[in-house]
Amino acid sequence: MNDSTHDIRTRPGGLADAPAVLDMLDAAVVWMNGRGNTEQWGTTPYSRKPGGVARVERYMTENVPYIAELGGNGTPVGAMVLDSGPSPQMPIAPAGEPERYVRLLVSDRRYAGLGIGAALLAHAVEETRRAGVELLRVDCWAGGGGELVAFYERNGFAPADRFLADSWPGQVLARRVG
């Protein structure tokens, strides 16, 4: 069940990976804030947000988590969580057909530029195919200069629906894998 891309190995995740995922999320908040982006995930480290730790623990136990490791050394450098649809807390309609949904995608900022996110998305495509499902979707922040939407487009996703979660602008993207 391991995929290898540019020395990036993907393995199933579990509850023991929650601290590493929280560290990646906290570092991502610091990185975004350092670039002037305080709107996407706010300014509070994810591990200190109300319900943040419990949410990551649920991702690791109730969804289908995957962990990216660099060079097989066992150190997590990225994480992805798949589910069968969007979060019920988001104003996103179900697809109306079977789908896999990327609920979380994060990489360790210390290893930026190595293709960790792309490798995890490629793994999501393969897992979606293996499940006999033809639609893979994800949602992301659509603010700023649209860099995150462009990242998903570069990885084979096409913009679908836009949405607002309170004042947070979001974009759903879809990819056919069948």
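Predicted model, so just to flag it, every value in this text is computed and none were measured.

(A) Up close: the packing of aromatic side chains. Applying the stated criterion across every chain yields a total of 3 aromatic pairs. Geometrically, the ring pair formed by Phe151 and Tyr152 is edge-to-face, given 5.1 Å between the ring centres and 70° between the ring planes. On the numbers, 6.1 Å between centres and 40° between planes, the contact of Phe163 with Trp168 is tilted. The exposure class assigned to Phe163 is buried, which follows from its relative accessible area of 10%. Grouped by ring-pair contacts, the aromatic residues Phe151, Tyr152 and Phe157 constitute a single cluster.

(B) Layout of the side chain of Asp26. Tracing the backbone through its elements, the reader meets Asp26 in helix H1 (residues 18-34). With no salt bridge to any partner, buried Asp26 finds its closest opposite charge in Arg48, at an N-O distance of 6.4 Å. Polar side-chain contacts of Asp26 include one of 2.6 Å to the side chain of Ser47. Every residue in contact with Asp26, bar those within four places of it in the chain, is listed here: Pro45, Tyr46 and Ser47.

(C) Structural detail: the nonpolar core. Grouped together as the largest cluster of nonpolar side chains are 23 residues, with contacts concentrated most on Met80, Val102, Leu136 and Tyr152. Sorting the residues of this core by element identifies strand E3 (64-70), strand E4 (76-83), strand E5 (100-107), helix H3 (116-130), strand E6 (135-141) and helix H4 (147-154) as the ones contributing at least two each. Ranked by residues supplied to this core, first place goes to H3 with 6 residues. Excluding its chain neighbours within four sequence positions, the residues that come into contact with Leu136 are Leu82, Arg100, Tyr101, Val102, Ala124, Val125, Thr128, Phe157, Leu173, Ala174, Arg175 and Val177. Val21, Leu22, Met60 and Ile67 belong to the second-largest nonpolar core, a separate cluster that totals 16 residues.

(D) Focus on unusual backbone geometry. Phi angles above zero are rare outside glycine, and Asp166 is one such case at about 60°. Position of Asp166 among the secondary structure elements: in the loop between strand E7 (158-165) and strand E8 (168-176).

Rules and cut-offs
Note that residues are indexed from 1 along each chain, following the sequence as it is written. This being a predicted model, a pLDDT of at least 70 is required before a residue's local features are given, and a value of 80 or more before pairs of side-chain atoms are given or counted; all residues contribute to the totals for chains, interfaces and linings. Side-chain calculation: all heavy atoms of the structure are included, whereas hydrogens and water are not. Note on ring pairs: Phe, Tyr and Trp rings are taken, using the six-membered ring of Trp, and paired if centres are within 6.5 Å. Classes follow the plane angle, with under 30 degrees stacked, over 60 edge-to-face and the rest tilted. The rule is simple: take the accessible area with a 1.4 Å probe, protein chains only, and divide by the maximum for that residue type; under 20% is buried, over 50% is exposed, in between is partly exposed. Starting at the N terminus, helices and strands are each numbered in turn, a helix being any DSSP run of H or I of at least four residues and a strand any DSSP run of E of at least two. This count recognises Lys and Arg as positive and Asp and Glu as negative, with His and chain-terminal groups excluded. We count a salt bridge whenever a side-chain nitrogen from Lys or Arg sits within 4 Å of a carboxyl oxygen from Asp or Glu. The term polar contact refers here to a pair of N or O atoms within 3.5 Å; inside protein, the definition further demands a hydrogen-donor-capable atom paired with an acceptor-capable atom, and it admits residues adjacent in sequence only when both atoms are side-chain atoms. Contacts are assigned to residue pairs with any non-hydrogen atoms lying within 4.5 Å of each other. Throughout, nonpolar core names a set of buried Ala, Val, Leu, Ile, Met, Phe, Trp, Tyr and Cys residues whose side chains join them through atoms within 4.5 Å.

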